[in-house]
Amino acid sequence: MKKQQLLLVSLLAGTLILLWATVVQAQTLDKRWIGPRLLSNPGVEQVGQAVMIPDKYGYLHVFWSEVDPDDEINTIQYARFDGELWEGPIDIFMAAPGSTISAYSASLDETGDRIYLMWNEGNTGPVFLSSASVLHATSAHNWERPLRFNFPAFQLGLRIDSKGVMHLMYNNFYGAEPGIYYTSSKDRGLTWSAPLWIDPDIPVNSSPNVLKFYIDEQDGLHASWYYAALDAADVWGQWIRYSHSLDGGETWISPITIDEADETPDELRIPYPGMIVAGNSVHMIWAGNNKTQREHRYSLDRGNTWSETTRVFGGLQGQALGDGLAVDGAGRVHFFGQIRWPQGVYHAVWDGELGWSEPEIVYLIARDSAEGRNGRYHAHAVRAAVRAGNQLVVTFTDEAVGPMYVMYTTLEDVPPDSVLPTPTPTSLPMEATPTTAVSTPEPTRTPLVGVQPSQATSANVGSGFWLGVVPPTLLVTLIFLYRFFRSRRRH
């Protein structure tokens, strides 16, 4: 073979090696995890964060919002996961033309058989409430006609206690009377009590943001938020606060200060505090300095007294629309957040005796600022839930409002919860009229296919095609050239 021919073959071989190295480099998922898989509808680029609710039958119910790219109509999407197969997504509600859905929350009733969904249409309301059986929620026709209420809610949280009382917490961010408000209903949402203003000492020129609302095993209610300084150029945070009611919403304590911007003006510029309740413990994690490094405080007595603030996760920093927190069947708290460097989705576990584990990266985005993402997802609005006690499910959006992806793993050191068998229906469920006439076919049950643990996690839809086609093509080309030059040499 002549030198020019040998050089050509060598170049092609080098190209094949480089391409394969790039593919191998894209294998960025912890092998204990399955996914990420596209959860939102294909082609939709404006997607809200996920709300996830597990039930006693072993289902995980997932809600999120989407904006249709053709008519720009906002919808609420729903999917259901049984640990292996997904049903959905389906659009269960549609906003009025020109309206936006910026907040939604879901809660099971006291029996665990019915799921209630509440959402707003517009940054100052109104608010809508609907419900469906957890066993038949995968058809839009089985959701009740929504009830409408004129709460000026920008963000909201809905919780139902063991007596069937509905508790609603919302923040008025853009209205004339900004603040945190609480109301309740004892008749399944038909009527609500007069809203109670939780934070009448709200700072001047501020509004509450990133509202979190949870209920504990004894029907205690817990809320957290932070104040955004509206006169700052980028709406920096000023003050992180917490309040609770341990008597079912009858009385609320004066809000407790979790952290305050008293070191530098930009100390809490994007804190996005997260909160989770685990038994009698309450945990809060936020970006607590101008480098957005995480800080942690916790209470072991249902929010009455609190630990000192502790810097956690070493030098990891960054903020991407908040972190995900969830509690497994053993009572441990799991943290998921997009932080850096390397940049990725990190996982850490809180054990009451040992504290936080060393954070591990479960999905790599970029090793450093010079590398770039190379088509990998950016992982904003990371959210987490636990299904059946030992299956962690994590969702995130690509960029701030991009498509939504989901991944999951099973905890080998935690036994699964006992789930109830799905009852056999004696008759067809009674259909309810949706808010708009939506013809939605029954969803197809699909496995979590796409990116498996040992496969690449590229966001480029065509990457799978090139992975399957280009390397074999180059290999065939090499073989052809080799045989061609060899045959010429013989003649």
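Everything numeric in this text was worked out from a predicted model, so none of it was measured.

Participant: Kindly report on the sheet that holds strand β9 (residues 127-133), identifying the contributing residues and their values.
Facilitator: The strand order across the open sheet formed by four strands is β7-β8-β9-β10, and the pairing between neighbours is antiparallel. Strands at the two margins of the open sheet, each flanked by one partner only, are β7 (104-108) and β10 (147-149). Neighbour-to-neighbour, the strand axes of the sheet open up by a mean angle of 20°, direction not taken into account. Here five bridges tie β7 to strand β8 (residues 114-120), and the two strands are oriented antiparallel to one another. For S105, the partnering residue across the bridge sits in β8 and is M118.

Participant: If you had to explain the pattern of salt bridges to someone new, which residues and values would you point to?
Facilitator: Throughout the structure, instances matching the rule amount to 16 salt bridges. A salt bridge links R241 to D201; the nearest nitrogen and oxygen atoms lie 2.9 Å apart. Pair noted here: R241 is in strand β17 (residues 237-245) and D201 is in the loop between β14 (196-197) and β15 (206-215), with a separation of 40 residues, a long-range link. The exposure class of R241 is buried, given its relative accessible area of 2%. Since its relative accessible area comes to 42%, D201 is described here as partly exposed. Between D216 and R302 there is a salt bridge, with its nearest N and O atoms 3.0 Å apart. Here the residue D216 occupies a position in the loop between β15 and β16 (221-229), and R302 occupies one in the loop between β21 (294-299) and β22 (310-311), the gap between them amounting to 86 residues. The pair formed by D216 and R302 is uniform in burial state, with each residue classed as buried. Salt bridges here are not isolated pairs; linked through shared partners, they connect D30, R32 and E360.

Participant: Tell me about the confidence of the model for the protein chain, and please be specific about residues and values.
Facilitator: The pLDDT averaged across the protein chain works out to 85; a share of 80% of its residues lies at or above 70. Under a pLDDT of 50 for its full length, residues 6-27 has, in the predicted model, 33 contacts with residues more than four places off or in other chains. Across residues 426-476, confidence stays below pLDDT 50; counting only partners more than four residues off in sequence or on other chains, it has 101 contacts.

Participant: Could you give me a rundown of the environment of S224, with the residues and numbers involved?
Facilitator: Along the chain, S224 turns up in strand β16. Its relative accessible area of 0% is what places S224 among the buried residues. For S224, the residues in contact, after removing those within four places along its chain, are V210, L211, K212, R241, Y242, M275 and M284.

Participant: Could you give an account of the sheet that holds β14, with specific residues and numbers?
Facilitator: Strand order in the open sheet formed by four strands is β11-β12-β13-β14, and the pairing between neighbours is antiparallel. With partners counted over all chains shown, the strands left at the sheet margins are β11 (155-160) and β14, one partner each.

Participant: Please give an account of the nonpolar core that cites residues and values.
Facilitator: Counting 40 residues, the largest nonpolar core has I92, L117 and W143 as its most contacted members. Secondary structure elements with two or more residues in this core: β3 (51-54), β4 (60-67), β5 (74-81), β6 (85-94), β7, β8, β9 and β30 (404-410). In this structure, I92 is in contact with F63, I76, Y78, L117, A140 and W143, ignoring residues within four places of it in sequence. Formed by 20 residues, the second largest nonpolar core is a distinct cluster that contains F336, V345, V386 and L392.

Participant: For unusual backbone geometry, give the residues involved together with the corresponding values.
Facilitator: Of the consecutive residues G35 and P36, the connecting peptide bond is found in the cis state with omega at -10°. You can see P36 is positioned in strand β1 (residues 34-38). W341 follows R340 through a cis peptide bond whose omega is -5°. Following the sequence through the fold, W341 ends up in the loop between β24 (333-339) and β25 (343-351). Phi at F313 takes a positive value of approximately 70°, unusual for a residue other than glycine. Along the chain, F313 falls in the loop between β22 and β23 (324-327). Overall, F313 belongs to the buried group, its relative accessible area being 7%.

Participant: Tell me what's going on with the packing of aromatic side chains, and back it up with residues and numbers.
Facilitator: Tallying each qualifying case throughout the model produces 32 aromatic pairs. Taken together, a centroid distance of 4.5 Å and an interplanar angle of 15° make the contact between F81 and W86 stacked. For the pair F81 and W86, a shared accessibility class is recorded, and that class is buried. Three or more aromatic residues joined by ring pairs form one cluster here, namely F63, Y78, F93, W119, F128 and W143. Taking the ring centre of Y214 as reference, the NZ or CZ of R159 above it sits at 5.3 Å. In this arrangement the basic side chain of R241 is found over the ring face of W239, its NZ or CZ atom lying 3.8 Å from the centre.

Participant: Explain the pairing of strand β28 (residues 380-387) to me, and be specific about the residues and the numbers.
Facilitator: By the criterion of burial, β28 is predominantly enclosed, with eight of the eight residues buried. Counting the residues that bridge the hairpin from β28 to strand β29 (residues 391-397) gives three residues, and of these A388 lies at a positive phi of roughly 60°.

Participant: Tell me about the side chain of D199, and please be specific about residues and values.
Facilitator: Relative to the assigned elements, D199 resides in the loop between β14 and β15. Here D199 occupies a buried position and makes no salt bridge, while the nearest side chain of opposite charge, R241, is found at 5.3 Å. Polar contacts involving the side chain of D199 include one to the side chain of Y227, which spans 2.5 Å. With sequence-adjacent residues up to four places away left out, D199 is seen in contact with G179, I180, W225, Y227, R241 and P255.

Participant: Tell me about the side chain of E66, and name the residues and values.
Facilitator: Tracing the sequence through the fold places E66 in strand β4. There is a polar contact of 3.0 Å between the side chain of E66 and the backbone nitrogen of N41. In this structure the side chain of E66 is engaged in a polar contact, spanning 2.9 Å, whose partner is the side chain of W64. Among residues more than four places away in sequence, those in contact with E66 are S40, N41, V44, Q46, V47, I73, N74, T75 and Q77.

Quick notes on the rules
- Residues numbered from 1 in each chain as written.
- Predicted model: local features only at pLDDT ≥ 70, side-chain atom pairs only at ≥ 80, totals over all residues.
- Heavy atoms only, no water.
- Pairing = 2+ DSSP bridges.
- Helix = DSSP H or I, 4+ residues; strand = E, 2+ residues; numbered from the N terminus.
- Axes fitted to C-alpha atoms, helices over the stretch in contact; angles between N-to-C directions.
- Salt bridge = Lys/Arg side-chain N within 4 Å of Asp/Glu carboxyl O.
- Buried < 20%, exposed > 50% of the residue type's maximum accessible area, 1.4 Å probe, protein only.
- pLDDT = per-residue confidence, 0-100.
- Contact = heavy atoms within 4.5 Å.
- Core = buried A, V, L, I, M, F, W, Y, C linked by side-chain atoms within 4.5 Å.
- Phe/Tyr/Trp six-rings, centres within 6.5 Å; stacked < 30°, edge-to-face > 60°.
- Lys NZ or Arg CZ within 6 Å of the ring centre and 35° of its normal.
- Lys, Arg positive; Asp, Glu negative; His and termini not counted.
- Polar contact = N/O pair within 3.5 Å; in protein donor to acceptor, adjacent residues only side chain to side chain.

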